[in-house]
Amino acid sequence: MHTDTDSTTRPRIRRRSWVRILLPAVLIIAWLVGAGLGGPLFGKVGEVSSNDQTTYLPSSADATQVQSLLGEFNDADAIPAIAVFVGDSDLTDDQLAAINDAIAGSVDIEGIADEVSPGIPSEDGKAVQAFIPINSDAELGDTINALGDELRDVSPDGVTVYITGPAGFSADLVAGFSGIDGLLLGVALLAVFIILILVYRSVLLPIVVLSTSLFALCVALLVVWWMAKWEILLLSGQTQGILFILVIGAATDYSLLFVARFREELRSTQDKGAATIAAWKGSIEPIAASGGTVIAGLLCLLLSDLKSNSTLGPVASIGIVFAMLSALTLLPALLFTFGRSVFWPKRPAFEPEVVEAEHGVATKGLWARLARGVKRRPRLIWITTTALLIIGAAGFTQLNASGIPQSELVIGASEARDGQVALGEHFPGGSGSPVYVVVDEDSLQDAADILLTNDGIDSVSITASDSPSGTAPVTEDGITAFGPPGTEPVAPSVVDGQVMLQGTLTDAADSDAAAQTVRDLRGELDSIDAIVGGVTATSVDTNDASIHDRNLIIPVILVVILLILMLLLRSVLAPVLLILTTVLSFGTAMGVSAWVFNGIFDFPGADPAVPLYGFVFLVALGIDYNIFLMTRVREESLKHGTREGIMRGLTVTGGVITSAGLVLAATFAALSVIPILFLVQLAFIVAFGVLLDTFVVRTLLVPALSYDIGRSIWWPSKLGRGKP
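## Points about the overall build of the chain
Scanning the chain from N- to C-terminus turns up 22 helices and 9 strands. Within the chain, the fraction of its 724 residues that count as buried is 55%. Taking the intrachain contacts of the chain between residues at least 6 apart in sequence as the baseline, contacts between residues at least 24 apart amount to 81%. With the model as given, the accessible surface of the chain reaches about 30,300 Å², and the carbon-plus-sulfur share is 59%.

Here it is, written out as structure tokens:
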């Protein structure tokens with residue numbers, strides 16, 4: 001009988017052995033193939049992305065409607081650049097002639113449209129401006145650089161040349177985002193690698209963890225790139241940067257949680273396969289809950305009117321999905337392959353008797369001492385930390401998040417910004433970025449009168465295809481004839497019974513005064529059903545939509561995450577308290593950030609989306625650490641009672657959560673290497689907020705408050721009526 005049993009058991013054991021070897025190999029190969037396909041797409045995201053603000057506005061926005069009509073009125077699809085020539089003194093006739101020759105010769109530059117405007121001298125005689133259209137399919141940054149170099153080479157001595165206008169500022173953005181594929185990714189990976197080396201004091205393990213994160217990013221990029229290629233998703237440099245950082249940070253965090261479980265299991269069992277399976281079973285719930293919470297929060301962005309927000313939701317969610325999958329498939333396969341060797345030179349010893357003596361929790365070390373400190377003074381700790389957080393949150397009111405000028409989007413030197421300053425010194429501030437007004441032909445006179453009498457409008461013209469310049473001036477004498485006195489009148493362009501007026505703004509197009517002019521015009525033109533567009537109108541509509549999104553989405557995210565936590569923890573009180581502490585942490589992060597932005601960096605303000613993005617990432621990601629902590633606390637509470645479970649949960653998770661917080665803070669801080677104001681501000685807010693949540697909220701406030709409340713923290717579940 002014994003022989004028969006052995007004869008049937010051995011094939012089964014052999015099959016299990018083959019499965020244990022084959023499955024990790026298949027998983028590793030599958031991820032290698034995915035990374036091999038996605039890796040080459042780094043550097044090619046620009047082929048499927050756009051940084052044009054208008055494309056992210058809802059189709060119902062006035063600025064979007066006007067933008068869609070521009071090509072029909074102008075019969076051109078180009079981005080206007082403004083060349084500004086400023087003399088050291090009054091420009092001479094010879095200098096003016098040389099400048100006009102330089103302008104005319106610019107059409108030979110690749111990417112420049114066939115027709116450029118003649119030079120327009122300023123009234124003070126010290127400057128000339130020219131409108132030079134850039135083909136929409138041109139490499140904008142290269143074309144702008146070539147244009148500037150050419151004009152500077154052929155301009156006369158004593159003349160300084162600037163390239164500004166919409167094309168100039170767009171080129172600045174392109175240059176600002178150019179470091180995403182290389183610099184940003186390199187800095188983030190290096191920062192994470194150094195932290196992992198310091199945490200694990202191992203060489204191989206950090207490589208394994210970073211490989212898990214990088215493979216997740218490659219496969220996520222593969223999916224996102226093709227979805228953008230097929231126009232299912234919109235992709236921008238901003239979204240791309242956030243995707244890179246989010247995947248690296250989240251995948252590393254999930255990997256750290258799994259590695260900690262794996263290390264625990266290796267102390268209790270010699271079989272690396274059994275340790276891998278046990279670690280997987282212990283990690284899947286917190287990782288799935290954490291990732292699911294982040295995804296739920298991100299998908300709330302689909303409620304946004306702004307496509308730049310709504311498209312971030314699915315793009316980032318795809319990244320989180322692959323971060324979870326890599327941590328639960330690729331990482332276990334790699335850890336199983338290397339076994340204890342992955343921790344070399346500090347391999348975890350097989351010491352089941354020590355684990356049994358510790359009852360699964362160490363009694364020495366920083367986290368054990370901290371747990372005992374929380375046990376001695378829980379009420380003092382949570383009251384003190386809450387008071388400090390409230391003081392920090394008081395600065396939230398100082399955050400100016402009503403929008404920033406386009407000229408301030410890029411940090412550092414900017415030729416477009418310098419050119420706009422020079423333009424404003426010699427010409428009307430809004431030159432080159434007019435207000436466009438589309439109105440029924442029958443209401444043309446009324447619309448023209450309103451524009452001509454507005455103090456924020458310097459001059460008015462009408463789109464006229466018969467005119468050599470494409471426009472004709474409109475004066476207070478009436479609009480029956482267009483064009484300068486003594487010339488043949490030209491007929492306005494009419495498209496489906498509508499005409500387009502252009503108003504040159506008195507103030508810089510990205511200034512608050514110009515924005516107010518647009519708002520005033522919309523109010524005055526409302527009775528004749530005119531729509532107002534242009535660069536300034538796009539900024540106004542973007543800010544308004546962003547504020548609407550912020551006020552709508554933040555409460556929705558709170559409710560969604562609260563419901564998820566209730567299902568996860570089988571409690572009502574604990575999730576409510578976790579949400580409140582996370583919101584308080586967010587408020588403190590924003591308050592401190594406001595003081596830093598205003599007092600240290602002297603930033604001009606913030607985009608309205610900054611608080612929204614900060615909230616999404618700090619609440620969704622910050623709640624991760626509470627999930628890691630409280631799922632372990634609940635697990636321990638079922639065995640040892642609530643207060644003992646809190647102490648054990650804090651001790652066991654302290655190291656891994658702190659490491660995860662440092663990694664996430666470092667990855668988001670890497671965003672600051674991209675010289676875009678929005679990303680720099682987001683980098684500081686999230687990095688500081690994550691550190692605050694890691695070292696104060698999750699380490700002190702939540703454990704102390706939970707310990708003080710005791711088993712009632714689990715109300716109304718049965719656990720709330722168990723051992724205190």
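Having seen the model, we can carry on.
## Side note on the side chain of Gln 95
Counting through the fold element by element, Gln 95 comes out in helix α3 (residues 93-105). For Gln 95, a relative accessible area of 15% gives the class buried.

## Focus on the pairing of strand β9 (residues 531-534)
Both faces of β9 are covered, namely the face carrying Ile 531 and Gly 533 and the face carrying Val 532 and Gly 534. Bridge analysis of strand β5 (residues 435-440) against β9 gives 4 bridges, and the strand direction is antiparallel. Residue pairing for β9: Val 437 is matched across the bridge by Val 532.

## Observations concerning a positive patch on the surface
Judged by side-chain charge, Arg 369, Arg 372, Arg 376 and Arg 377 come together as a positively charged surface patch. Following the sequence through the fold, Arg 377 ends up in the loop between α13 (366-376) and α14 (378-393).

## Side note on a negative patch on the surface
Where like charges cluster on the molecular surface, the negative patch consists of Asp 440, Glu 441, Asp 442, Asp 526 and Asp 529. Within the element layout of this structure, Asp 440 appears in strand β5.

## Some remarks on the pattern of salt bridges
When charged atoms on two side chains of opposite charge get close, those side chains can pair. Per the stated rule, a full pass over the model turns up 11 salt bridges. Arg 261 is paired through a salt bridge with Glu 635; the nearest N and O atoms lie 3.0 Å apart. Of this pair, Arg 261 sits in helix α8 (residues 237-268) while Glu 635 sits in helix α20 (residues 609-640); the two residues are 374 residues apart in sequence, bridging distant segments of the chain. Accessibility expressed as a relative area gives 12% for Arg 261, which makes it buried. The exposure class of Glu 635 is partly exposed, given its relative accessible area of 29%. It is possible to trace a salt-bridge network through shared partners that takes in Glu 264, Arg 632, Glu 636, Glu 644 and Arg 648.

## Concerning α8
The terminal C-alpha atoms of α8 lie 47 Å apart, and with 32 residues this matches the ideal 46 Å at 1.5 Å per residue to within 8%. Of all 32 residues in α8, 26 are buried, a share of seventy percent or more.

## What about α3?
With 13 residues, α3 should reach 18 Å at 1.5 Å per residue; the first-to-last C-alpha distance of 18 Å fits that figure. Here α3 has its buried residues at Gln 95, Ile 99, Ala 102 and Ile 103. The arc that holds the buried residues of α3, viewed along the axis, is 100°, so those residues lie on one side. Exposed side of α3, more than 90 degrees from the buried face: Asp 93, Asp 94 and Asp 101 are the residues found there. Along its buried surface, α3 packs onto β1 (78-87), β3 (127-135), α4 (140-154) and β4 (159-164).

## Describing the environment of Phe 73
Within the fold, Phe 73 resides in helix α2 (residues 62-74). Non-local contacts of Phe 73, meaning those with residues more than four positions away in its chain, are made with Val 438, Thr 463, Ser 493, Val 495, Gln 498, Val 499 and Met 500.

## Here's the deal with the sheet that holds β4
Read from one edge to the other, the open sheet built from 4 strands follows the order β2-β3-β1-β4, with strand pairing classed as antiparallel. The sheet is open, and its two edges are formed by β2 (120-121) and β4, each paired on a single side. When β2 meets β3, the two strands line up antiparallel, connected through 2 bridges. Among the inter-strand pairings, Ile 120 is bridged to a residue of β3, identified as Gln 129. The strands that α3 touches are β1, β3 and β4; relative to β3, the one it contacts most, it runs at about 5°. Sitting on the sheet, helix α15 (residues 415-426) touches β1, β3 and β4, and the angle it makes with β4 is about 115°.

## Let's talk about the sheet that holds strand β8 (residues 498-505)
In spatial order, the strands read β7-β6-β8-β5-β9; together these 5 strands make up an open sheet with antiparallel pairing. Strands at the two margins of the open sheet, each flanked by one partner only, are β7 (471-474) and β9. Shown here is a sheet whose adjacent strand axes are inclined to one another by a mean of 30°, direction ignored. In this fold helix α18 (residues 535-569) packs onto β8 and β9, with an angle of close to 105° to the strand it touches most, β9.

## Some details on the packing of aromatic side chains
Scanning all chains against the criterion turns up 13 aromatic pairs. Between Phe 684 and Phe 688, the ring centres sit 6.0 Å apart and the planes meet at 0°, which makes this aromatic pair stacked. Taken together, the residues Phe 684 and Phe 688, both in helix α22 (residues 677-709) and 4 residues apart, mark about one turn of the helix. On the accessibility criterion, Phe 688 (26% relative accessible area) is partly exposed. What links up through ring pairs into an aromatic cluster is the set Phe 597, Phe 601, Phe 603, Phe 684 and Phe 688. Its guanidinium or amino end placed over the ring of Phe 336, Lys 272 lies 4.9 Å from that ring's centre, counting from NZ or CZ. Over the ring of Tyr 707 we find Arg 643; its NZ or CZ atom is 5.3 Å from the centre of that ring.

## Some words on the packing of helix α7 (residues 204-229) against α8
Following both chains from N to C, one finds α7 and α8 inclined at 140°, their axes separated by 9 Å at the closest point. In terms of axis orientation, α7 runs oblique to α8. Once α7 is placed against α8, the crossing between them reads as right-handed. Contacts between α7 and α8 involve Leu 205, Val 209, Thr 212, Ser 213, Leu 214, Ala 216, Leu 217, Leu 221 and Val 224 on the former and, on the latter, Leu 243, Phe 244, Val 247, Ile 248, Ala 251, Thr 252, Ser 255 and Val 259. The residue inventory of the contact of α7 with α8, partitioned by class, reads 13 nonpolar, 4 polar and no charged.

## Comments concerning the packing of α13 against α22
Close contact between α13 and α22 brings their axes to 9 Å; oriented N to C, the two are set at 45°. For the element pair α13 / α22, the angle class is oblique. For the pair α13 and α22, the crossing hand works out as right-handed. Counted together, Trp 367, Leu 370, Val 374 and Lys 375 of α13 and Arg 698, Thr 699, Leu 700, Pro 703, Ala 704 and Tyr 707 of α22 form the full contact between these two elements. Here the contact of α13 with α22 is built from residues that sort into 7 nonpolar, 1 polar and 2 charged.

## Comments concerning unusual backbone geometry
Glycine aside, the phi torsion of most residues is negative, and most peptide linkages are trans. Note the cis peptide between Trp 344 and Pro 345, where omega equals 10°. The residue Pro 345 is located in the loop between α11 (312-338) and α12 (352-358) in this model. Of note, the amide linkage connecting Trp 715 to Pro 716 takes the cis form, showing an omega dihedral of 5°. With a phi close to 60°, Glu 231 is a non-glycine residue in the positive phi region.

Cut-off values and rules
Residues numbered from 1 in each chain as written. Predicted model: local features only at pLDDT ≥ 70, side-chain atom pairs only at ≥ 80, totals over all residues. Heavy atoms only, no water. Helix = DSSP H or I, 4+ residues; strand = E, 2+ residues; numbered from the N terminus. Buried < 20%, exposed > 50% of the residue type's maximum accessible area, 1.4 Å probe, protein only. Contact = heavy atoms within 4.5 Å. Areas by Shrake-Rupley, 256 points an atom, 1.4 Å probe, with all protein chains shown as cover. Pairing = 2+ DSSP bridges. Patch = residues over 30% accessible without salt bridge, like charges linked within 9 Å, V, L, I, M, F, W, Y side chains within 5 Å. Salt bridge = Lys/Arg side-chain N within 4 Å of Asp/Glu carboxyl O. Lys, Arg positive; Asp, Glu negative; His and termini not counted. Charge placed at Lys NZ, Arg CZ, Asp CG, Glu CD. Expected span 1.5 Å × (residues − 1). Arc of directions from axis to C-beta. Axes fitted to C-alpha atoms, helices over the stretch in contact; angles between N-to-C directions. Phe/Tyr/Trp six-rings, centres within 6.5 Å; stacked < 30°, edge-to-face > 60°. Lys NZ or Arg CZ within 6 Å of the ring centre and 35° of its normal. Parallel < 35°, antiparallel > 145°, perpendicular 65-115°, else oblique. Left-handed = near helix turned anticlockwise from the far one by under 90°. Nonpolar A, V, L, I, M, F, W, Y, C, P; charged D, E, K, R; others polar.

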